[in-house]
Amino acid sequence: WARAQRRTARRPASERQRDWTAPAARMLARAAVMLMAMHVLRAAGRHAAPSPRAAAMPARRAVCARTTMQAPSAPVPAALEALARPLREAQDDRERNLLLAKLGAASPRCGASPPPGAARVPGCVSVVHIAASSGPEGRVRLEGSSDAALARGLLALVVDGLDGLSPAEMLAVDSAAIASAARLAGAVSPSRINGLDNILRTAQGLVAGMHAGQGVAEVA
């Protein structure tokens, strides 16, 4: 070891410096090559053709957006469609719930107290009443009440959306079409959807009872 140290000491300083700088230079060179390779791979990935699935994503999003904005496949009365369209076009379920509550609060035919002659709607989470009467030319007149904001919004879809129809037109409406028109699935609970069906069936039962014997079929 002592001889090796003496030999090293006798070597010129430039040679001794090369002994430790050469490995470091090789390591730096390897690191530079690796970085260049990574940049080349990234650039190739950016310019490479997207996979079929990735390429199809924008088209799928566009189809979903068009489906959201389109009217429901099942036809609904014009007044009901006018009420349901803002709900259907809401940005998300939270906004849809807010709009539904506002719809009920703004309805002049849906209050907090039951109207005269109103029937209690069975199977609802909230206390809901609805009344039906016959207006000019036998047109259906509806009004109701509820003690909950969302239930009152659902009630308003039926009361304001179907008021003024003929008995036959009113009895032909399906609750699934209303839920689809307003895009309620996912926005409200299944029990609320069931409550909407009960509200509609109770109203249709009242209308069918008023026009019994006049060729108006009762809802099953």
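Above this note sits the structure.
Residues numbered from 1 in each chain as written. Predicted model: local features only at pLDDT ≥ 70, side-chain atom pairs only at ≥ 80, totals over all residues. Heavy atoms only, no water.

Participant: Let's hear about the sheet that holds strand S3 (residues 128–134): which residues, and what values?
Facilitator: Strand pairing in a sheet takes place through backbone hydrogen bonds and is either antiparallel or parallel in direction. Taken in spatial order, the four strands line up as S1-S4-S3-S2 in an open sheet, and their pairing is mixed. Both edges of this open sheet fall to strand S1 (110–111) and strand S2 (119–120), since each of them pairs with a single strand only. The pairing of S2 with S3 spans two bridges and is classified as antiparallel. The residue of S3 that forms the bridge with Arg-120 is His-129. (Pairing = 2+ DSSP bridges. Helix = DSSP H or I, 4+ residues; strand = E, 2+ residues; numbered from the N terminus.)

Participant: Residue-level account of empty space enclosed by the protein, with values.
Facilitator: Applying the stated rule across the entire model yields one cavity of 30 Å³ or more. In this structure, the largest cavity occupies an estimated 60 Å³ of space. Every residue lining the largest cavity is listed: Cys-124, Val-125, Ser-126, Val-128, Ala-151, Leu-154, Ser-191, Arg-192, Gly-195, Leu-196 and Ile-199. The biggest single contributor to the lining of the largest cavity is helix H9 (residues 190–210), with five residues. Across the lining of the largest cavity, the residue classes break down as seven nonpolar, three polar and one charged. (1 Å grid on protein atoms, 1.4 Å probe; cavity = no way out; pocket = protein on both sides within 12 Å on 5 of 7 lines; lining within 4 Å. Points joined across faces, edges and corners; volume = space filled by probe spheres on them. Nonpolar A, V, L, I, M, F, W, Y, C, P; charged D, E, K, R; others polar.)

Participant: Can you tell me about the nonpolar core, naming the residues and giving the values?
Facilitator: Among the nonpolar cores identified, the biggest contains 40 residues, and Leu-157, Leu-162, Met-170, Leu-184 and Ile-199 are the most heavily contacted of them. Secondary structure elements with two or more residues in this core: helix H4 (78–88), helix H5 (93–106), S3, strand S4 (140–146), helix H6 (149–162), helix H7 (167–171), helix H8 (175–182) and H9. Not counting the four nearest positions on each side in its chain, Leu-162 is found in contact with Pro-77, Leu-80, Leu-142, Leu-157, Met-170, Val-173 and Leu-200. (Core = buried A, V, L, I, M, F, W, Y, C linked by side-chain atoms within 4.5 Å. Buried < 20%, exposed > 50% of the residue type's maximum accessible area, 1.4 Å probe, protein only. Contact = heavy atoms within 4.5 Å.)

Function cannot be read off these values alone, since they describe shape.
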